[in-house]
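# Structure at a glance
One letter stands for each residue in the lines below.
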Amino acid sequence: MKLILQTILCLFLSIAVAKAGNIKGHVYDQRTGEALIGASVRLENTSQTTMTGLDGSFEFKHVKAGTFTLKVSYISYKTFTKQISVEKEHNPALNVYLSDDSSNELSEIVIAAKQEGSTEKTARKIEQKSMQVMNVVSGRAMEISPDLTVANAIQRVSGVTIERSNNGDGQYAILRGMDKRYNYTLVNGIKIPSPDNKFRYVPLDIFPSELLERLEVYKSLTPNMEGDAVGGVVNMVMKDAPSKLQVNANLATGYSQMLFDRKFLAFNSGAINSKSPYELNGRNYNAKAKDFSTGTLDYKAKQADPNLIGGLSIGQRFLNNKLGVLIAGSYQNSYRGTNSTFFNSSVGGLDKYSIITSIADRQFSEQQKRYGVHGKIDYKFNEYNKLSLVNSYVNLTSIQTRDQITTNVSTSEYDQAAGNALITYETRSRFSEQQIYNSTLHGDHTLIPKKLKIQWSAVYSTAKNDIPDETTISLNGTRLNFVETRTTAKDNTHRWSRNTDEDKAGYLDVTYTADIAGTMVDFTAGGLYRDKQRSSFYNNYVFYPTNRPGLFGKDFMNYTDITWEVQNPQGAVANALTYDASEKTTAGYGMLNFKIAELEVIGGARVEHTNQGYRLLFPLGESRPTGSQIYTDLLPSLNLKYGLSKKENLRATYFRSLNRPGFYELIPSGATFEEYKERGNPDLKRAIADNFDLRYEFFPNSTDQLLVGAFYKKIKDPIEYTIVADGTRGQDQYYQPGNFGTAKNYGLEVDYIKFFNKIGIKANYTYTHSRITTDKSTRIIENNDQKLINVQQSRPLFGQSAHTGNLSLIYKDSKHGWDAQVAGSYTGERINTISQFVDNDLWQKGFVQMDASVEKRFKNNLSIFVKAGNLLNTPNELFIKGVNSGNKDIPQQKYGDNETLIRKDFYEQTYLIGLRYKL
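Quick caveat, the model's predicted, so the values are computed rather than measured. (Residues numbered from 1 in each chain as written. Predicted model: local features only at pLDDT ≥ 70, side-chain atom pairs only at ≥ 80, totals over all residues. Heavy atoms only, no water.)

### A few points about the overall build of the protein chain
Of the regular secondary structure elements, the protein chain holds 8 helices and 49 strands. The burial tally for the protein chain puts 56% of its 919 residues in the buried class. Taking the intrachain contacts of the protein chain between residues at least 6 apart in sequence as the baseline, contacts between residues at least 24 apart amount to 71%. Here the protein chain displays about 38200 Å² of accessible surface, and carbon together with sulfur accounts for 54% of that area. (Helix = DSSP H or I, 4+ residues; strand = E, 2+ residues; numbered from the N terminus. Buried < 20%, exposed > 50% of the residue type's maximum accessible area, 1.4 Å probe, protein only. Contact = heavy atoms within 4.5 Å. Areas by Shrake-Rupley, 256 points an atom, 1.4 Å probe, with all protein chains shown as cover.)

Below, the structure is given as structure tokens:
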């Protein structure tokens, strides 16, 4: 009621009195009360003009006494005009409330004031005006949310779920039930390489969300977009130079509840050797124990330091707004812990379900250092020519310890009676560093006004993943009656792995606009060329203890006391992960865009030619030491948007896309990772998909929306992983990619945003159904002998959840500076690992993640914020659907639930409190 009265007074009073030489005030959205940033405020018949700040405030100083006309304007709002009288004393503030201008329909998305690019209003406008099916998360929404990284922020988008890392944070995005491999990632519209050592997809937890102006998720493609996306595209739009000086700084600290409850196990990461003896001394050098650091075995249990989070961005435009400069940086140093139980299992006999053979209790202690720097310079020569240079660098360093105790499940009558069990102690030290760098020089040129324009980009990008001196030590022991324990050193490994991607690319787009029968048609043609080079290195050294007999029966609290002897002094560099690879991509497209009445059309076709190959540096008798795949794809697309009204759209889209194999996926040799041996498949084919979308959109105002859509995907030769047996190597089993016929994926999405004055609701729900049929193995009795046969079994696609949803309750009081949010995310059960055996796929149990944040802004440009994550302490649980009767007495197994628990991880809550300053 108070808001309505204030609005009426502002609209109908013809003269208001501001009794001072200074004029101060704020500009707000009439309906939501949100402060409007970058609104133009002018005193008519004077030279005084200003723009509102980040809190919507404005001020004119030293104004002479008299009567003036105050004019306030803002893109897509009605212009506000009123007369004010200025006196020499007293100074009541003016509050101006602007209403939506429903008649202001933009023919294209234009962000007039640079500060506006990160607001919720801009996000909704982009969604409404875009020709693609897309969702946008604004920079402001990410700022006040509980999320610190892009990976966590993207889970709030409809149809998007995330795959989590070992510490419980989001890492990879899964769009519309399509595994992370079916998406690609852009920075300002430019594809970036991945630091992953095997695959193409980019880990989104490497990007601090505060470097972004907004986050865009494209769910359909146009011909001018690269075609290797079946699920969708993630585009990170980085911060841009504002129209006036803007400083944004924050500093925060926090802690993990897990580390309140237990110690943090650390090792001396500063003593790590960045290169292996092979690299330092040459291929024929015989390494000795003294060549290896003992720092990775020097473990200390301590109280973790508090987390430290900080960020700073400064931007401004100069030379009459021709030159824009922005520099932004972010630093996050956090400590996390995970407690995990892993049940090792195997399939044997005629019982088709896995029987548990051992139980591993794990504790992860991880320090993450995440930092990023983003800089942009743009210069506008005139209204027809503009250049920009963007440089972005992000780095994620992880220092992780995994401490594990594995107890064999005893089956002998003697051990069961005596209560004896074989125990293995294993501790792993891992230091990993992931880096991505991108430099883009971009030009926009209008050669003939309203007729001919050219856009081009020259791009250099690199991505690197470095894991030096990863060390694992194992000890065997026997526990008598589960009381007394005797141990003996088993082995010790030191491993170096590294991979680097280097991309050089050029983009060109030419648009010609013609008047055809009274309709303006944009004809666009262009293409790209990218040269990608990858190098991968992997080396492993194995050690045995020389003083094993003298140490038997002792408890080892300091592993540096053990004397080791190198078993393979020249290392094991000859393996599947030591290789060079390349990929050359050439693409061209033709596209047209026109509007007839309320129907807007973008259509055309794209041609992509791929030349991809690998070369094993140490083939060791491998029959296919080199390999290549060369193919060309025609990818048509059509996007239709019909304006039902000024606030309603109906969209229909079709596009064809592909999914290329990763480099490692083509390597024929194998390597051992975590719980599985893995190898590639040189005969692996690309997947081809036909994608259809239909969506209704309703935008009642600048902040609310209702989106209801359906999608259908038909994927030929989808790439999935499964555990397969190697008939040439005895009982060896490998986790290997393959093509599996044709898969179908369809679903429904609903996205709803509604604000009721100070209270808001953001909700979305996605139903996804997919089906794929593959060969599985099962055992039968034939002629009194067990026999393994193949049968066909249908299942969902890997990583696809039938039901996902988000619900956020938002409180916003711009007048008093309050923002609060409680956000919940639900992900239904989904396949985590595909088994070669019938009914033995590993599923992830459905879970709810709940987070919260609150921020209070003060008049001195300061604000205080609090963020809390994983409030429900939701565990990550992996299980097999079905039970083996031999597991009914195993701890934590719920035999009556018809499920076999394989893994359970707990992360507990995280807390953060900080200060933010905006100028």
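That was the structure; now back to the text.
### Notes on the nonpolar core
Nonpolar side chains in soluble globular proteins generally cluster together in the buried interior. One finds Ile 154, Phe 207, Leu 212, Leu 215, Met 236 and Ile 436 to be the most contacted residues of the largest nonpolar core, which totals 32 residues. Ignoring any residue separated from it by four or fewer positions in sequence, one finds Leu 215 in contact with Asn 135, Val 136, Val 137, Met 142, Val 150, Ile 154, Val 234, Asn 235 and Met 236. By size, the runner-up hydrophobic cluster in this structure holds 24 residues, among which are Leu 265, Phe 267, Ile 272 and Ala 287. (Core = buried A, V, L, I, M, F, W, Y, C linked by side-chain atoms within 4.5 Å.)

### What to know about the sheet that holds strand β13 (residues 190-191)
Spatial strand order, β9-β14-β15-β12-β13: 5 strands in an open sheet with mixed pairing. Two strands close off the open sheet at either side, each with one partner strand: β9 (134-138) and β13. Judged from the 6 bridges that link them, strand β14 (residues 212-218) and strand β15 (residues 232-238) form a sheet pairing that is antiparallel. Its bridge partner lying in β15, Leu 215 is registered against Met 236. On top of the sheet, helix α2 (residues 120-129) reaches β9 and β14; it is set at about 170° to β9, its chief contact. (Pairing = 2+ DSSP bridges. Axes fitted to C-alpha atoms, helices over the stretch in contact; angles between N-to-C directions.)

### So, the confidence of the model for the protein chain
The predicted model of the protein chain has a mean per-residue pLDDT of 87, with 89% of residues at 70 or higher. Considering only residues more than four positions removed or in separate chains, one finds that residues 1-20, a stretch of pLDDT under 50, has 38 contacts. Overall, residues 411-419 carries pLDDT values under 50, and its contacts beyond four positions in sequence, including any with other chains, amount to 10 contacts. (pLDDT = per-residue confidence, 0-100.)

### A look at the environment of Leu 396
Looking at where Leu 396 falls in the secondary structure, it is placed in strand β22 (residues 385-408). Separated by 188 residues in the primary sequence, Leu 396 and Pro 208 place their C-alpha atoms 9.9 Å from one another. Once residues lying within four places of it in the same chain are set aside, the contact partners of Leu 396 are Asp 205, Ile 206, Gln 368, Lys 369, Arg 370, Ser 432, Glu 433 and Gln 434.

### Describing the packing of aromatic side chains
Think of a pair of aromatic rings as described by two things: how far the centres are apart, and how the planes are tilted against each other in angle. Scanning all chains against the criterion turns up 17 aromatic pairs. Their ring planes at 90° and their centres at 4.8 Å tell us that Phe 292 and Phe 543 sit as a pair that is edge-to-face. Of this pair, Phe 292 sits in the loop between α6 (277-281) and β18 (300-302) while Phe 543 sits in strand β26 (residues 519-545), and the two are 251 residues apart along the sequence. Of the two residues, Phe 292 and Phe 543, both sit in the buried class. Residues Phe 692 and Tyr 712 carry aromatic rings whose centres are separated by 6.3 Å and whose planes lie at 40° to one another, so their mutual orientation is tilted. (Phe/Tyr/Trp six-rings, centres within 6.5 Å; stacked < 30°, edge-to-face > 60°.)

### Some points on the sheet that holds strand β2 (residues 23-29)
Reading across the sheet, the 3 strands line up as β5-β2-β8 and stay open at both edges, with mixed pairing between neighbours. In this open sheet, the two edge strands, each paired with only one partner strand, are β5 (57-60) and β8 (94-98). Along the sheet, successive strands turn relative to each other by an average axial angle of 25°, direction set aside. One ladder, built from 5 bridges, connects β2 with β8; its direction is parallel.

### Structural notes on the pattern of salt bridges
The full count for this structure, using the stated rule, is 57 salt bridges. A salt bridge links Arg 200 to Glu 583, with the nearest nitrogen and oxygen atoms 2.4 Å apart. Highlighted residues: Arg 200 in the loop between β13 and β14 and Glu 583 in strand β28 (residues 579-596), separated in sequence by 383 residues. By relative accessible area, which is 25% here, Arg 200 ends up partly exposed. Residue classification places Glu 583 among the buried positions, given a relative accessible area of 3%. Residue Arg 695 pairs with Glu 697 through a salt bridge whose shortest N-O separation is 2.7 Å. Classification of Arg 695 by relative accessible area gives buried; the value is 4%. The network of salt bridges with common partners includes Lys 191, Glu 226, Asp 228, Asp 501, Asp 503, Arg 530, Lys 532, Arg 534, Arg 606, Glu 608 and Arg 660. (Salt bridge = Lys/Arg side-chain N within 4 Å of Asp/Glu carboxyl O.)

### Focus: unusual backbone geometry
Unusually for a residue other than glycine, Asn 321 sits at a positive phi of about 70°. Within the secondary structure, Asn 321 sits in the loop between β19 (307-318) and β20 (323-346). On the accessibility criterion, Asn 321 (44% relative accessible area) is partly exposed. A positive phi angle, near 50°, is found at Asn 873, a position not held by glycine. Structurally, Asn 873 is set in the loop between β46 (862-869) and β47 (876-881).

### Some words on the pairing of strand β3 (residues 40-43)
Side chains Val 41 and Leu 43 of β3 all project onto a buried face; the interleaved residues Ser 40 and Arg 42 project onto a face where none is buried. Two strands pair when backbone bridges link them, and β3 and strand β4 (residues 49-51) are joined in this way by 3 bridges, in the antiparallel orientation. From the neighbouring strand, Val 41 faces β4, where its bridge partner is Thr 50. Here β3 runs beside strand β6 (residues 66-73); their pairing, made up of 4 bridges, is antiparallel.

### Concerning the pairing of strand β48 (residues 899-906)
For β20 and β48, the ladder comprises 4 bridges, and the chain directions are antiparallel. Bridge pairing in β48 links Ser 340 to Asp 905. In this sheet, β48 lies alongside β47 in antiparallel orientation, the contact comprising 6 bridges. Bridge pairing in β48 places Phe 879 opposite Leu 901.

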